[in-house]
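Chain and residue survey
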Protein chains: 2
Amino acid sequence: MLGAMQDWPLLTSSILDYAARYHGTREIVTRTVEGPITRTDYATLSRRARQLAGALRRFGIREGDRVATLAWNTHRHMEAWYGISGIGAVCHTVNPRLFPDQIAYIANHAEDTLILVDPPFLPLLEGIAAQLPRVRGYVVLTDRAHMPATTLPGVLCYEEWIAGEDADFAWPALAERTASGLCYTSGTTGKPKGVLYSHRSCVVHALATNGADVVGLRSIDCAMPIVPMYHVNAWGIVYGAPMVGAKLVLPGARMDAESLYALLEDEQVTFTAAVPTIWLSLIQLMERTGTQLSSLERVAIGGSAAPRGMIETLERTYGVRVLHAWGMTETSSLATISVAKGGMPPLSAEQQLDLQVKQGRPIYTVLTKITDDAGRDLPWDGRTFGHLMVKGSAVASAYFKGEGGPVLDADGWFDTGDVATVDPDGFVQITDRAKDVIKSGGEWISSIELENVAVGHPGVAEAAVIGVAHPKWDERPLLIVIAKPGQTLTKEDVLAYLDGRVAKWWMPDDVVFVDDIPHTATGKIQKIALRERFKDHVLPGIAKPAAP
Amino acid sequence: MLGAMQDWPLLTSSILDYAARYHGTREIVTRTVEGPITRTDYATLSRRARQLAGALRRFGIREGDRVATLAWNTHRHMEAWYGISGIGAVCHTVNPRLFPDQIAYIANHAEDTLILVDPPFLPLLEGIAAQLPRVRGYVVLTDRAHMPATTLPGVLCYEEWIAGEDADFAWPALAERTASGLCYTSGTTGKPKGVLYSHRSCVVHALATNGADVVGLRSIDCAMPIVPMYHVNAWGIVYGAPMVGAKLVLPGARMDAESLYALLEDEQVTFTAAVPTIWLSLIQLMERTGTQLSSLERVAIGGSAAPRGMIETLERTYGVRVLHAWGMTETSSLATISVAKGGMPPLSAEQQLDLQVKQGRPIYTVLTKITDDAGRDLPWDGRTFGHLMVKGSAVASAYFKGEGGPVLDADGWFDTGDVATVDPDGFVQITDRAKDVIKSGGEWISSIELENVAVGHPGVAEAAVIGVAHPKWDERPLLIVIAKPGQTLTKEDVLAYLDGRVAKWWMPDDVVFVDDIPHTATGKIQKIALRERFKDHVLPGIAKPAAP
């Protein structure tokens, strides 16, 4: 027997409708790519998104078509999101920091037929346009006065393109499982793979993250997503903020600390979200200038682990509550958050930090477990680490076009590729990527934990740890170090520093010094390249294998 | 094109699974119907709900079957909810305060085959058992030691009944639109009609109300639903609290101020929800005893309008934030809440109260509008009142078995039967029930507003206003008054008091004094009975109509 409740589908357009109806005058402030700061509101944004929908339809975009964006966080990008998904097309947010060949690959893989692009990325597209035979048009997200010269074919000016369209365009009635967005994982190995969000997954995820125990957005908040909209939907904030009528501040292209700090203060931002490197630069700026944060109440930090010192500084020096979180493209961003639970014994300041350096406990709509290589559950003792598996309403069930094959196990769990511990309270701590963990005699050694300890050495600028083959232990850790300029480091120095800071059997079997460590476009260490570079490295005490 | 996200249905069992997994030791405290205060936790409650599910299956309960509960807010009632809906059966929460004939009517209408009942309600069932031929069993929600003697046939002892069942019972995979609960509106007119909730509507409603701008439950909260579980799902708290791992306090049968106050203090409750009459008695108790509320942070008040003085007292004298809300059985409880929006000008203390006496703005997943009798939209000016219409994911689309016919208009709006104003910020203020509004010369007069002014007269104990026929104006207001004991009141006294306090054309054409005003089982004035009693009342200055 079915319930007798209304069929009110969970669509992205319902969020914008709601915001326009009840929070129509609430501001959206953008540092435009052209330069000036502009202000609009939800009622206007809703009308312009409808005009864009009309223009897309007129261009021939139909339900299921993929429309790409190469854009910073701006009100026009937001209009693009709601306009594209509102008609049942798929908004493919492309990371403009990827290598041009990768962008060409994913635009072709997605079969994008139209690209909406910020002016600064036109040269990038000009360089690969010849590789994009399916693309029938490029819409430049600006007005006529700011249209740059370009060699691209089929160029349209966004403001002109939408100007004549109907601001009362009626959103079609879509099924809520209709695809709404597409985001490729940059991936340290293999080809990028697309995660295909649905309207339902976006709405449920935003409802869940707006909970008071998660991000807790309220109408009186002023939210500034520093994390880009091409990076897992700006962690959902561009859905969550209109859902409650919060003011939005969109920082555009300027990701430098001075520009971000100015927006935080000028607009009296109360909540923001960013990766740790952004916070590093903001803290450095504030330390240099002796400034404080006058309105910021809380920050979400994710993307990679927030160091303990950063959490401590933000909380104690700047009075900002840190919401350390974990998620990935495949989990629609935030899946766990490090917020204390009721019923825990009172925590000292240090214990509070111990808790906050963990990535936290799952929010409702997410379930987690850790397993060994055979898929058996591992204990939640805070020490044992295993494959982190997740389930939930906003977790991927497959990659776009089935790329990479099935991704769920027989019970429907998604393997995150992360290795983690879980403590008895259910708090997850990510210890490594599964492919980077070093398997030594059947036990696992976390490359990331070794790297984190190694960079504590005052002479070490950067450190990477990989496993190299070992005849007895299968693999043993090799520590690869870049010394700080002007420092002379020896293997013995470094190992002496590690001694006592890591378990005996975790001690790297060798240390090598290099001038550079390769990174991906999103700043992660390319361990695959390092493993290739050191594949013939012979650990001390091991006979060099005979040539095959 | 569909998104590639997991098919993770929004089921009530997923809430309890989550709570058991991540908040397993979080307490549920019950003042049992038997007397003592007992403590359990989410992990235990989850196991016992599964045992109950096994017992229900063994009894022959299948998906879609209706199982009734006649019970107070206790952990066993909560187990019943999750156990019944978990197997796809429908938990029919019966209001034990209804008249026995009404209970028999709805149990038969619902086709209940099994009734779970608290011991105090056994005599009630004994009186109507002969009218319930479909009921095959009565499960008494207690243990063997507390089983009362009863003449009911087919009586089972809850604790014995579930004891041998499998605590690891696997919940079946249900479609999320499966019916989960059934609640009849008591209705001041006509037969009670059933609202049939789905798993999806309950989960989405709980997600929405857990938002930081709504009820905002967190794991560190201790929530005590005073509002009964048979009264629109205890306003969703019994879903919302486990969804975040909040401690729950269930007050059982003792609704007196002393017992409730003791629980609030002893268990350090931070959030609670109740109708205004409960607050009246709690405030009276605290004034009498000179006590305060040491832990309570916020309260949701709904069911009927919270008087301004009550809001002021709770906020200023007791430091408790008042969340004035509106909702109905057909909206799964809370649909609007009186929480200030961002972007509003700063409010003085009086303006803040002005805002809080309104029923508030819709939460996301709800849309509202007001219309005239012809269905045309009316302006949101805070003065014009019209039919309050709602839409949303947790709003009824029909009554059970189609009772009363279609309830949605052509655009899918549900007519709440309430008459309201909406101000430019979208805040709803309920002014009357549509059937009670007095239609005078094409304009509407609010009976409730007149009543509220009239009871301000120091000699008036209670007041009711109904419309009576008028040859020129169609209807004019008649004020019906109970004088306070020992007071001598005249029509002229009362009208003099109203003069200047209500618009001239709202002035009642007549005042009559009575010894009693009839009420429904849920405490509402029975206007239908008053209209019947005064159907031949002749207003002054009107010629008595000739007998037909």
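The structure displayed is predicted, hence computed values, not measured ones.

Conventions we followed
- Residues numbered from 1 in each chain as written.
- Chains lettered and ligands numbered in written order.
- Predicted model: local features only at pLDDT ≥ 70, side-chain atom pairs only at ≥ 80, totals over all residues.
- Heavy atoms only, no water.
- Helix = DSSP H or I, 4+ residues; strand = E, 2+ residues; numbered from the N terminus.
- Rg over C-alpha atoms; globule rule 2.2 N^0.38 Å.
- Buried < 20%, exposed > 50% of the residue type's maximum accessible area, 1.4 Å probe, protein only.
- Contact = heavy atoms within 4.5 Å.
- Areas by Shrake-Rupley, 256 points an atom, 1.4 Å probe, with all protein chains shown as cover.
- Buried area = accessible area lost by both parts, 1.4 Å probe.
- Salt bridge = Lys/Arg side-chain N within 4 Å of Asp/Glu carboxyl O.
- Polar contact = N/O pair within 3.5 Å; in protein donor to acceptor, adjacent residues only side chain to side chain.
- Nonpolar A, V, L, I, M, F, W, Y, C, P; charged D, E, K, R; others polar.
- Pairing = 2+ DSSP bridges.
- Least-squares fit on C-alpha atoms with pLDDT ≥ 70 in both.
- Axes fitted to C-alpha atoms, helices over the stretch in contact; angles between N-to-C directions.
- Phe/Tyr/Trp six-rings, centres within 6.5 Å; stacked < 30°, edge-to-face > 60°.
- pLDDT = per-residue confidence, 0-100.
- Parallel < 35°, antiparallel > 145°, perpendicular 65-115°, else oblique.
- Left-handed = near helix turned anticlockwise from the far one by under 90°.

1. Remarks on the overall build of chain A
- The helix and strand inventory of chain A stands at 15 helices and 25 strands.
- What you see for chain A is a C-alpha radius of gyration of 24 Å, in line with the 24 Å of a compact globule of 548 residues.
- Dimensions of chain A, computed from C-alpha atoms along their principal axes, come out at roughly 75 × 60 × 60 Å.
- For chain A, the residues scored as buried account for 61% of the 548 residues in total.
- Considering only contacts within chain A whose residues lie at least 6 apart along the sequence, 66% involve residues at least 24 apart.
- Counting only carbon and sulfur atoms, one obtains 52% of the accessible surface of chain A, whose full area is about 20,000 Å².

2. Overview of the interface of chain B and chain A
- At the junction of the two partners, chain B supplies 77 residues and chain A supplies 78 residues.
- Of the roughly 5,900 Å² buried at the junction of chain B and chain A (both faces included), carbon and sulfur atoms supply 60%.
- Where chain B meets chain A, there are four salt bridges.
- The partner of Glu176(A) in a salt bridge is Arg200(B), with the nearest N and O atoms 2.6 Å apart.
- Summed over the shared surface of chain B and chain A, the number is 36 residue pairs in polar contact (both at pLDDT 80 or more).
- Residue assignment for the side of chain B that touches chain A shows that the elements contributing at least two residues are helix H1 (12-22), strand E9 (193-198), helix H7 (199-209), helix H8 (237-244), strand E16 (361-362), strand E17 (366-371) and strand E18 (385-392) of chain B.
- If one sorts the elements of the side of chain B that touches chain A by residue count, H7(B) sits on top with six residues.
- Considering only residue class, the side of chain B that touches chain A consists of 41 nonpolar, 22 polar and 14 charged.

3. A word on the pairing of E17(B)
Residue and element names in this part refer to chain B.
- Counting buried positions along E17 yields six of six residues, so the element is predominantly enclosed.
- Burial along E17 is two-sided: Val366, Thr368 and Ile370 facing one way and Leu367, Lys369 and Thr371 facing the other are all buried.
- Pairing of E17 with E18, which is carried by six bridges, proceeds in the antiparallel orientation. Residue pairing across strands places lysine 369 opposite methionine 389, the latter belonging to E18.

4. As for the relation of the copies chain B and chain A
- The transformation that overlays chain B on chain A combines an axial shift of 0.0 Å with a rotation of 180°, and the residual RMSD is 0.1 Å. Those values place the two copies in the arrangement expected of a two-fold rotation axis.
- Most of the interface of chain B is mirrored in chain A: 100% of its interface residues are interface residues there too.

5. Description of the sheet that holds strand E8 (residues 179-185) of chain B
All names here are of chain B.
- Taking strand neighbours across the sheet as the criterion, the seven strands line up as E7-E6-E5-E3-E4-E8-E9 in an open arrangement whose pairing is mixed. Of all strands in the sheet, those bounded by a partner on one side alone are strand E7 (155-157) and E9. Going from strand to strand, the sheet's axes swing by 25° on average, the running direction of each strand aside.
- Contacts between helix H3 (residues 75-86) and the sheet are confined to strand E3 (66-70), strand E4 (90-93), strand E5 (114-117) and E8, with E4 contributing the most and set at about 145° to the helix.

6. Details of the sheet that holds strand E3 (residues 66-70) of chain A
All names here are of chain A.
- Taken in spatial order, the seven strands make up an open sheet running E7-E6-E5-E3-E4-E8-E9, and their pairing is mixed. The strands lining the two open edges of the sheet, one partner per strand, are strand E7 (155-157) and strand E9 (193-198). Within this sheet the neighbouring strands show an average axis-to-axis angle of 25°, counted without direction.
- Both strand E8 (residues 179-185) and E9 contribute to a ladder of six bridges, which runs antiparallel.

7. Section: the packing of aromatic side chains
- Applying the stated criterion to the full structure yields 26 aromatic pairs over all chains.
- Considering the side-chain rings of Trp505(A) and Trp506(A), the 6.1 Å spacing of their centres and the 85° angle between planes classify their relative orientation as edge-to-face.
- Here Trp505(A) falls in the partly exposed class, since its relative accessible area comes to 38%.
- Judged by centre distance (5.6 Å) and plane angle (35°), the rings of Trp72(B) and Phe121(B) are tilted. Taken together, the residues Trp72(B) in the loop between E3 and H3 and Phe121(B) in the loop between E5 and helix H5 (122-128) connect sequence positions 49 residues apart. Here Trp72(B) and Phe121(B) have matching classes, each one buried.
- Taken together, the aromatic side chains of Trp8(A), Tyr18(A), Tyr22(A), Tyr364(B) and Trp380(B) make up a single cluster linked through ring pairs.

8. Considerations on the side chain of Lys527(A)
Residue and element names in this part refer to chain A.
- For lysine 527, the position within the fold is in helix H15 (residues 527-533).
- At a separation of 3.4 Å, a polar atom in the side chain of lysine 527 contacts the main-chain carbonyl oxygen of valine 465.
- Every residue in contact with lysine 527, bar those within four places of it in the chain, is listed here: Asp436, Ser447, Glu451, Val465 and Ile466.

9. Overview of the confidence of the model for chain A
- Residues at a pLDDT of 70 or more form 98% of chain A, whose mean pLDDT is 94.
- The ipTM value of the predicted complex is 0.92, and its pTM value is 0.92.

10. Looking at the packing of helix H10 (residues 276-289) of chain A against helix H11 (residues 308-317) of chain A
Residues and elements named next belong to chain A.
- Two elements in contact, H10 and H11, have axes separated by 11 Å at closest approach and are oriented at 50°. On the basis of the axis angle, H10 is oblique to H11. Relative to H11, H10 is oriented so that their crossing is left-handed. In this structure, H10 contributes Pro276, Trp279, Leu280, Ile283 and Glu287 to the contact, and H11 contributes Met310, Thr313 and Leu314.

11. Focus on the side chain of Arg50(B)
All names here are of chain B.
- Tracing the chain through its elements places arginine 50 in helix H2 (residues 42-59).
- Relative accessible area serves as the criterion here: at 15%, arginine 50 is assigned to the buried category.
- Leaving out residues up to four positions away in the same chain, arginine 50 has contacts with Asp17, Asp166, Ala167, Asp168, Phe169, Ala170 and Trp171.

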